[in-house]
Amino acid sequence: MNNLIDSSFSKFAEKLLNKREIHSCTASLKKEAIDFLNDTIDFLFPHFSTKNYYSPQDVLANLQLIERNLISLLKRVNSNGENNSKELAENFIAKIPQTHDMLWLDAEAIFKGDPAAESIDEVILAYPGFMAIAIYRLAHELYKLKVSIIPRILTEHAHEITGIDIHPGAEIGSPFFIDHGTGIVIGETTKIGKNVKIYQGVTLGALSVEKSLANKKRHPTIHDDVIIYSQAVILGGDTVIGQGSIIGGNAWVTQSVPSNSIVYSKMEMKVRSNENYFNNIDYII
């Protein structure tokens, strides 16, 4: 123990205390942010809630509770800066009706577009794509208000539970359809129009990840009515996928695509003939 009370460890102790004072976020902030998220989703969808609402007054009372909880959460984040938590919370709550409507459009699009879906209730309860979209839309509203840390905590929570990584800064129209979803990555400056359908493993990313490009558009723009099949990779801030286009599975796209195009990765298959097997002759189809 005496070895710990020498000059080197004293300097370390001072440095540690200084870091803890400057970076005052604690594990409880993440938990409180996720609790706020769950309470909001419970409020928007009865599928996740044990609460019953019997009148509009009940709904408004719970909305006020969500606003108070958000104010408390924002005060923690803004503890070292300007305290405008009440104004930010009011602006977020004002967007709740619009967000609610967009999410129901998303759920309806998934139900109508997936033959395996038996009901909208199934989509809301069981589809990871819908849950990732719901969390993204709430986080995006906080992101637009320039709330720090919390939007990213929310979308990374979605990433953890669904395998779908959507940056809260992405701009995504409604309806939006994620099918299966595992492994999807959508970058911060991505812009996606309405009625876009994306399958598992798709990456909408950047050609470069240099820090100096932080304020530049680094990710692609996807126009309305586009379908992007599994494992396709679309990169670059200048890359635009035109309306109504189809991007096939495993395609690698780094330049713009005109409207109503079909882009696919050409497959070359080799079939080995049995009679020439030992001569190691291949036939290309």
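Here the structure is a predicted model, which means the values were calculated and not measured.

A. Seen up close, the pairing of strand β6 (residues 196-199). Residues V196 and I198 point to one face of β6 and K197 and Y199 to the other, with burial holding for every one of them. With two bridges joining them, β6 and strand β9 (residues 227-228) adopt parallel strand pairing. Among the inter-strand pairings, K197 is bridged to a residue of β9, identified as I227.

B. Structural detail: helix α2 (residues 27-44). Helix length check: α2, at 18 residues, gives a terminal C-alpha distance of 26 Å against a target of 26 Å (1.5 Å per residue), a fit within 8%. Of all the positions in α2, only L29, A33, I34, F36, L37, T40, I41, F43 and L44 are classed as buried. Close packing links the buried residues of α2 with α3 (56-77), α4 (85-94), α5 (96-113), α7 (128-144) and α8 (150-162).

C. Here's a closer look at the confidence of the model for the protein. Per-residue pLDDT for the protein averages 90, and the proportion of residues at 70 or more is 88%. Segment residues 281-285: pLDDT under 50, and 16 contacts once partners within four positions in sequence are set aside and those in other chains are kept.

D. Focus on the packing of α2 against α7. In the contact formed by α2 and α7, the axes pass within 11 Å of each other and the chain directions differ by 110 degrees. With respect to α7, the axis of α2 lies roughly perpendicular. The handedness of the crossing between α2 and α7 is right-handed. Between α2, through L37, T40, I41 and L44, and α7, the contact on the second element is made entirely by M131, I135 and L138. In the contact of α2 with α7, the residues fall into six nonpolar, one polar and no charged.

E. Fine view of the sheet that holds strand β8 (residues 221-222). The strand order across the open sheet formed by four strands is β2-β5-β8-β11, and the pairing between neighbours is parallel. Each edge of the open sheet carries a strand with a single partner, namely β2 (171-172) and β11 (240-241). In the sheet, strand β5 (residues 191-192) pairs with β8 via two bridges, with the strands oriented parallel. The partner of I192 across the bridge, within β8, is I222.

F. Region of interest: the environment of G201. With respect to the helices and strands, the residue G201 is situated in the loop between β6 and β7 (203-205). Each C-alpha atom of the pair G201 and Y229 lies 8.5 Å from the other, and the pair is 28 residues apart in sequence.

G. The pairing of strand β3 (residues 176-179), seen in detail. The two faces of β3 match: F176 and I178 on one face and F177 and D179 on the other face are all buried. In this sheet, β6 lies alongside β3 in parallel orientation, the contact comprising four bridges. When the bridges of β6 are listed, I178 appears paired with I198.

H. Representation of the sheet that holds strand β1 (residues 165-166) in the model. Here we have five strands laid out as an open sheet, ordered β1-β4-β7-β10-β13, and parallel in their pairing. Each of the sheet's edge strands pairs with one partner strand only, and the pair in question is β1 and β13 (252-253). Examined bridge by bridge, β1 and strand β4 (residues 185-186) share two bridges and lie parallel to one another. Paired with I166 across the bridge in β4 is I186.

I. Representation of the packing of aromatic side chains within the structure. Within the structure shown, the criterion is met by five aromatic pairs. Both rings, one in F43 and one in Y53, keep their centres 6.1 Å apart while their planes meet at 80 degrees; by these two values the pair is edge-to-face. With F43 in helix α2 and Y53 in the loop between α2 and α3, the pair connects residues that are 10 residues apart, well separated along the chain. On the basis of relative accessibility, which here comes to 13%, the residue F43 falls in the buried class. With relative accessibility at 30%, the residue Y53 sits in the partly exposed group. Seen from their ring centres, F45 and W104 are 5.6 Å apart, and the 40 degrees between their planes marks the pair as tilted. Of this pair, F45 sits in the loop between α2 and α3 while W104 sits in helix α5, and the two are 59 residues apart along the sequence. Through successive ring pairs, a cluster of aromatic residues spans F45, W104 and F130.

Conventions and cut-offs
- Residues numbered from 1 in each chain as written.
- Predicted model: local features only at pLDDT ≥ 70, side-chain atom pairs only at ≥ 80, totals over all residues.
- Heavy atoms only, no water.
- Buried < 20%, exposed > 50% of the residue type's maximum accessible area, 1.4 Å probe, protein only.
- Helix = DSSP H or I, 4+ residues; strand = E, 2+ residues; numbered from the N terminus.
- Pairing = 2+ DSSP bridges.
- Expected span 1.5 Å × (residues − 1).
- Contact = heavy atoms within 4.5 Å.
- pLDDT = per-residue confidence, 0-100.
- Axes fitted to C-alpha atoms, helices over the stretch in contact; angles between N-to-C directions.
- Parallel < 35°, antiparallel > 145°, perpendicular 65-115°, else oblique.
- Left-handed = near helix turned anticlockwise from the far one by under 90°.
- Nonpolar A, V, L, I, M, F, W, Y, C, P; charged D, E, K, R; others polar.
- Phe/Tyr/Trp six-rings, centres within 6.5 Å; stacked < 30°, edge-to-face > 60°.

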